[in-house]
Amino acid sequence: MKKIYVFSSIIAFSLIHAQVGINTDDPKATFDVNGNVMIRTVDTATPSSSYDFLVRDNATNEVQKVPGNFSTGAVNASLVKVEDRNGITLIDGTMFAGWEKIDFSPASVKIDDGNNFTVSNDFYTVPTSGIYEISYEFRYGTGVVVSALNFSGTESIGILKHNGGNYTVLDERRFAGASIPVVTSIIISDTSINSVYRLAAGDQLSFEVNRGGLNLTLLNRSFASVNIRKIAD
C-alpha cells in the first residue's frame, strides 16, 4: 500500500506542475488552449484602479495583462474648452500679416484643468508632445454678411503656431461667399476648423481671424469656440 501511495503522490505532483494542453498535444504554457474560449457567467464588478485588462499577443498567442487605469479621478490635463458668445474682441495683428487674435476673457474659459490656456496672452501652450484634436469655430455677426459688389479680401480663420518668436499658420479656413451679378456679394461668415495635428511640448497656439475687407461693426454679435485635447503620443 505504501508503494501505491507514493506512486500516486508522484503522479499527482507531476499533473499539478505539468503543462496542460486542450486541443493540442504540444502545450507551450502551463495552460495552453488551442481554440475559442467561452465564459457563460461573469459577475459584475465596480470599476477599480486595481483591475487589469487581459489581452492577446498576436505574435505569441499569449494572454497578458494591461493596467486598467480605472481611477475615477483621472483627468485629461490637455483638455481645454474656450467659448465666447457675448461678442468678440480682436487684437491687432499687424505683425502677423493681417491675422488678428481673438481676445478671450477669463469667463470664456470653460474647462482648463491643466492650466494650459493663458488668458493674458490668449495662448494655448502644448503640455506634452503628441497628436492633438482641435476644433475652432467662428461666426462673424449672424453668419451672413452682405457687402458691396466691389468687396474684396481673404476673410478666413486660422490657427497660428508660435515657437521661439516665430509663427506659422497651422491651419486655415476661408469664409464661403457668392456674388449676385450687378447687385451685391454675400459672405457666409460662419466656418470652422476640425482636424488633428502633431505638436511639440511648448508650442503655443493662437486662434485668429483675418477679416480681409470685413468691418468691425458686427463683432458684438460674433461667436467663437475652441476645443483642444490630446488623443495620442
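The rules behind the values
Position numbers for residues count from 1 along each chain, tracking the sequence in the order it is written. The predicted nature of this model means local features are confined to residues of pLDDT at least 70 and side-chain atom pairs, given and counted, to a pLDDT of 80 or more, with totals for whole chains, interfaces and linings taken over all residues. To obtain the side-chain values, all non-hydrogen atoms of the structure were included, while hydrogens and water were left out. We count a salt bridge whenever a side-chain nitrogen from Lys or Arg sits within 4 Å of a carboxyl oxygen from Asp or Glu. Only protein chains enter the area calculation, which uses a 1.4 Å probe; residues under 20% of their type maximum are buried, those over 50% are exposed, and those in between are partly exposed. Here a strand is any run of E in DSSP of at least two residues, a helix any run of H or I of at least four, and the numbering for each starts at the N terminus. Confidence scores labelled pLDDT are given residue by residue by the predictor and lie between 0 and 100.

## So, the pattern of salt bridges
Thinking step 1. Inspection of every chain in the model, using the stated rule, returns six salt bridges.
Thinking step 2. Asp 26 is paired through a salt bridge with Lys 28; the nearest N and O atoms lie 2.7 Å apart.
Thinking step 3. A residue is classified by how much of its surface remains accessible, and Asp 26, at 45% relative accessible area, is partly exposed.
Thinking step 4. The shortest N-O distance in the salt bridge between Glu 83 and Lys 81 comes to 3.6 Å.

## Let's talk about unusual backbone geometry
Thinking step 1. At Asn 23, a residue that is not glycine, the phi angle is positive and equals roughly 70 degrees.
Thinking step 2. Positionally, Asn 23 belongs in the loop between strand S1 (20-22) and strand S2 (31-33).
Thinking step 3. Backbone geometry places Asn 115, a non-glycine residue, at a positive phi of 55 degrees.
Thinking step 4. Checked against the element boundaries, Asn 115 lands in the loop between strand S8 (109-111) and strand S9 (117-118).

## As for the confidence of the model for the chain
Thinking step 1. For the chain, the mean per-residue pLDDT works out to 79, and 73% of the residues sit at or above 70.
Thinking step 2. The secondary-structure element of the chain with the lowest mean pLDDT is helix H1 (residues 2-17), recorded at 49, while S9 shows the highest, at 98.

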